[in-house]
Amino acid sequence: MKGPESETMPDSRATGGGANQPVDRREFLSRSLPAGWVLLAAFTGCGGEPSAPAGGSEASAREAGSAPDSGSQAPASEVETSAARDPLAGYDPSQHKYAMAIDVDRCIGCGRCVEACKTENDVPREPFYFRTWIERYVIQRNGNTVVTSPNGGISGFPPVEEAEILRTFFVPKLCNHCDHPPCVQVCPVGATFKTEDGVVLVDHDYCIGCRYCIQACPYGARFLHPVTRTAEKCTFCYHRLVKGLVPACVEMCPTQARIFGELNARSSPLARFQRMHKIQTLKSHLNTEPKVLYANLDGEVS
Amino acid sequence: MESHIQTLMEVLQQTKGYIYPNEVELHWGLLVVVYPYVTGLVAGAFILASLERVFNVREVQPTYRLSLLTALAFLLVAPLPLLAHLGHPERSFEIFLTPNLNSAMAMFGFVYAWYLAVVLLLEIWFDYRKDAVIWSRHETGFRRLVHRVFTLGANDLSEHAVRFDRSAGKFITVIGIPSAFLLHGYVGFIFGSVKANPWWSSVLIPVVFLFSAMVSGIALILILYMLTSLFRRMEIDMRCADKLGSFLFYALIIDFSLEMLDFIHRLYEAEESIGILSQMISSRLFISLVVLQILLGTVVPLVLLGIFSPAFHTRAFVHAPAELRRLIYFCAAILIEVGIFSTRWNVVIGGQIFSKSLRGLTVYKVELLGLEGLLTSVFLLILPFVILYVLVKFLPPWPEAEAAAPSEPNS
Ligand code: SF4
Ligand code: SF4
């Protein structure tokens, strides 16, 4: 499957879905070896062509470029039924390594991404729960720095009131999908985990709500969902990634301040971005190795 | 939930500077303050008991069994605050089934089980077995049944068996001391290893936790010993009280020095977090840290104990009559308990009221009701005393209870 690339995938349905399907960790792990999967299917006598995942869900099959195959299949073995329900069928995480780049100079603080995220992922509307948010930095001549993020910047920002301004800019924030994620390290039951493609996820059926991960995240990227009582954070819209789509925030950004794609690809918008800019990450001294890469970041940003 | 959102709205109004939006909700509240406080008391009480056993400090002998039972009563309550603060307490067993071995918190279950089953229960069993056998012979009804069950059928009272009890008990104590260190040092590690949090992240935290645990444990036993003697109308053994007073002084000195070391070290290094941390100390934590923890909880008791307890010599600086000394010890111990509770508060809550953006402060509003509210915490702090009361009823820790039993050479 082709990796999602921000420049190549315009899609008007960005905020239409609304339903976030939580990805089950165990399910994820059990699907992470499609090769073994196919073998298993062969052994259980499902038949069908080994190149296409047997009975995969319509959407993912379409994304994978093969027609949904229904009639020719042998009737439901157990494996097959679970495949039909499986949103990950046909997706091979070992083929990907995702990252997001953010061009600070391009962000106009409109907050469309925050809105898109809340809608796409059913994030509670109250101003204490954000998977992504925007900060505005106002640096004054006297050296003062005033940072604000009214309601996460979801409806933009009020006019700057400070006097004697030296410079001002917006910084979008989200989970950094750290390569050395402290949140994963501390989770007592392993409910927070890093997938093979580098995305850090939470298994909501498994999380005990101890909130150690929230304490361990240096970036304030996590919150406890007030209804499910489990830890929550940005998933890079994983439910979209597996279908070959980019995260909702990336798609909604009017200035393309967010660029999403394969970290290791030689030619991708992300790779190009990395070539063209000096890149910085947040709190790099903590050795978390973030995969949200900032260009034109100011030293004041913390 | 409505009231929760309401509270968060109020908090939002009271934040100062900039905090990350997800930080408005403070996640580890009063219950998580209670948790290290209670475990600290367990570790402290046990270490005091071991002094008598391993180092043969005869003076504190009257508090030996009381310390063990106190440790047990508090240990039984220790996991409850943790459980109550979980979003999904019903899933807590997952910690045992699929622990993430990299997680400091995942080890809790194992450290706890080890300490409860291997150390405390065994030690109490060996210590009381002989008495339980003798008691059960002269009793009827429920008490007899309880003591019978307690002995687990090991009724041998021969000199050999009793001697074995004693050496086994001693052996367990020797294992118990490092275990008590582990139990509480480990609690400190849960906080000390969070690199994201400059207020917690320090190698000294586990050590400070340990010594403050000893301080709180000894103080608690001192209080309990005095109160129980009062209620039983028994004379307080002043040699014991003096000794406890001196121990308290030593432990407090070490604890205070370590805390000051940590403090000076931070001040001198003056890392980027220093600005916001000093702001926090001088505003949000002023009462709980400067007044309660340092002044009332440490300096005042240090001075009192330094002057009136025989900590430096066989005689105190100022020789006060026993009556007055008792009062002073009692007051010092109460102050210390308040101080150590504030210490836990300052670590747990203090670590969360400054933003990790290092640009602002939030507030913590204790809710009254609810699983994580004030009432639950108060209940959890009273519960150990109720358990202790029951334990004491069935396993009287008093020296005369032991003496009253007729010793029989053979079963
Ligand atoms: S930013 Fe926070 S939540 Fe995201 S991976 Fe890093 S530590 Fe975990
Ligand atoms: S809150 Fe959930 S995901 Fe976070 S550390 Fe606890 S169990 Fe793990």
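One can find the structure itself at the top, above this paragraph.
Chemist: Help me out: how do you make sense of the site of ligand 2 in this one?
Modeler: Around ligand 2 lies a shell formed by A:Cys187, A:Pro188, A:Val189, A:Thr192, A:Cys207, A:Ile208, A:Gly209, A:Cys210, A:Arg211, A:Cys213 and A:Ala231. For the shell around ligand 2, the class distribution of residues is eight nonpolar, two polar and one charged.

Chemist: Mind showing me how you'd approach the site of ligand 1 here?
Modeler: Taken together, the neighbourhood of ligand 1 is formed by 13 residues, with A:Cys175, A:Cys178, A:Cys183, A:Cys217 and A:Arg222 sitting nearest. Considered class by class, the residues forming the shell around ligand 1 number nine nonpolar, two polar and two charged.

Chemist: Where do I start with the sheet that holds strand E2 (residues 132-140) of chain A in this structure?
Modeler: What holds strands together in a sheet is hydrogen bonding between their backbones, with the strands either parallel or antiparallel. Residue and element names in this part refer to chain A. Strand order in this open sheet of three strands is E3-E2-E4, and the pairing throughout is antiparallel. Two strands in the sheet have a free side with no partner beyond their single neighbour: strand E3 (145-148) and strand E4 (165-174). Looking at each pair of strands side by side, their axes are set apart by 20° on average, direction ignored.

Chemist: Please explain the nonpolar core as it appears in this structure.
Modeler: Across soluble globular proteins, you tend to see nonpolar side chains buried next to one another. Grouped together as the largest cluster of nonpolar side chains are 141 residues, with contacts concentrated most on A:Tyr212, B:Trp28, B:Tyr115, B:Leu120, B:Ile124, B:Phe191 and B:Trp199. Each residue touching B:Leu120, except ones within four places of it in the same chain, is listed here: B:Phe46, B:Leu68, B:Ala71, B:Leu72, B:Leu75 and B:Tyr115. Listed in part, the 47 residues of the second largest apolar core include A:Trp133, A:Phe193, A:Cys234 and A:Leu282.

Chemist: Whenever I open this one, the sheet that holds strand E9 (residues 258-262) of chain A confuses me. Can you help?
Modeler: Residue and element names in this part refer to chain A. Read from one edge of the open sheet, four strands run E9-E1-E11-E10, paired in mixed fashion. Either end of the sheet is taken by a strand with one partner, and the two such strands are E9 and strand E10 (279-280). Relative to E9, strand E1 (residues 98-103) runs antiparallel, the two being bridged by five bridges. If you follow Tyr-98 over to E9, its bridge partner there is Glu-262.

Chemist: Please clarify how the side chain of B:His147 should be interpreted in this entry.
Modeler: Summarising the element assignment, B:His147 is placed in helix H7 (residues 141-151). Residues contacting B:His147, with those up to four places away along its chain left out, are B:Ala132, B:Trp135, B:Ser136, B:Glu139, B:Phe394 and B:Leu395.

Chemist: Sorry if this is basic, but what is going on with the pairing of E2(A) here?
Modeler: Looking along a regular strand, one sees the side chains alternate between the two faces of the sheet. All names here are of chain A. For E2, a buried count of nine out of nine residues is recorded, marking the element as mostly surrounded by other parts of the structure. Because side chains alternate across E2, one face comprises the buried residues Thr-132, Ile-134, Arg-136, Val-138 and Gln-140, and the other comprises Trp-133, Glu-135, Tyr-137 and Ile-139, equally buried. The pairing of E2 with E4 spans nine bridges and is antiparallel. Residue pairing in the sheet places Ile-139 in a bridge with Arg-167 of E4. The pairing of E2 with E3 spans four bridges and is classified as antiparallel. From the neighbouring strand, Tyr-137 faces E3, where its bridge partner is Val-147.

Chemist: Help me understand the interface of chain A and chain B, please; the structure alone is not making it clear to me.
Modeler: Interfaces are often sized by the amount of accessible area the parts lose when they come together. Contacts between the two partners involve 53 residues from chain A and, on the opposite side, 42 residues from chain B. Taking both partners together, chain A and chain B bury about 3900 Å²; carbon and sulfur atoms supply 53% of that area. Linking chain A to chain B there are three salt bridges. Between B:Arg359 and A:Glu300 there is a salt bridge; the shortest N-O distance is 3.0 Å. Along the contact surface separating chain A from chain B lie 35 residue pairs in polar contact (both at pLDDT 80 or more). Within the residue set of the side of chain A that touches chain B, elements represented by two or more residues are E2, E3, helix H6 (182-186), helix H7 (212-216) and strand E7 (223-224) of chain A.

Chemist: I'm lost on the packing of aromatic side chains in this one. Help?
Modeler: Given two aromatic rings, their pairing is described by the distance between the two centres and the angle made by the two planes. Residues and elements named next belong to chain B. A full pass over the atoms with the stated rule returns 28 aromatic pairs over all chains. Both rings, one in Phe-126 and one in Phe-164, keep their centres 6.1 Å apart while their planes meet at 75°; by these two values the pair is edge-to-face. A residue pair is termed long-range when its members are at least 10 positions apart, and Phe-126 in helix H6 (residues 108-137) and Phe-164 in helix H8 (residues 159-192) qualify at 38 residues. Ring geometry for Phe-191 versus Trp-200: centroids 5.1 Å apart, planes at 80°, classification edge-to-face. Phe-191 sits in the buried class, given a relative accessible area of 1%.

Chemist: It is not clear to me how a nonpolar patch on the surface should be interpreted in this structure. Could you clarify?
Modeler: A contiguous nonpolar patch, built from B:Val366, B:Leu368, B:Leu369, B:Leu374, B:Leu375, B:Val378, B:Ile382, B:Val386, B:Tyr389 and B:Val390 and spanning about 890 Å² of accessible area, is present on the exposed surface. Mapped onto the elements of the fold, B:Leu368 is located in the loop between strand E2 (360-361) and helix H15 (374-394).

Chemist: Would you mind going over unusual backbone geometry with me for this structure?
Modeler: Among all residues save glycine, negative phi is the norm, and among peptide bonds the norm is trans. All names here are of chain A. Even without being glycine, Asp-122 reaches a positive phi, approximately 55°. Take Asp-122: it is sitting in the loop between helix H5 (112-120) and E2. A positive phi angle, near 60°, is found at Asn-287, a position not held by glycine. If you trace the backbone, Asn-287 turns up in the loop between E10 and strand E11 (292-295). Classification of Asn-287 as partly exposed rests on a relative accessible area of 42%.

Scoring rules and cut-offs
Residues numbered from 1 in each chain as written. Chains lettered and ligands numbered in written order. Predicted model: local features only at pLDDT ≥ 70, side-chain atom pairs only at ≥ 80, totals over all residues. Heavy atoms only, no water. Near = heavy atom within 4 Å. Nonpolar A, V, L, I, M, F, W, Y, C, P; charged D, E, K, R; others polar. Pairing = 2+ DSSP bridges. Helix = DSSP H or I, 4+ residues; strand = E, 2+ residues; numbered from the N terminus. Axes fitted to C-alpha atoms, helices over the stretch in contact; angles between N-to-C directions. Core = buried A, V, L, I, M, F, W, Y, C linked by side-chain atoms within 4.5 Å. Buried < 20%, exposed > 50% of the residue type's maximum accessible area, 1.4 Å probe, protein only. Contact = heavy atoms within 4.5 Å. Buried area = accessible area lost by both parts, 1.4 Å probe. Salt bridge = Lys/Arg side-chain N within 4 Å of Asp/Glu carboxyl O. Polar contact = N/O pair within 3.5 Å; in protein donor to acceptor, adjacent residues only side chain to side chain. Phe/Tyr/Trp six-rings, centres within 6.5 Å; stacked < 30°, edge-to-face > 60°. Patch = residues over 30% accessible without salt bridge, like charges linked within 9 Å, V, L, I, M, F, W, Y side chains within 5 Å. Areas by Shrake-Rupley, 256 points an atom, 1.4 Å probe, with all protein chains shown as cover.

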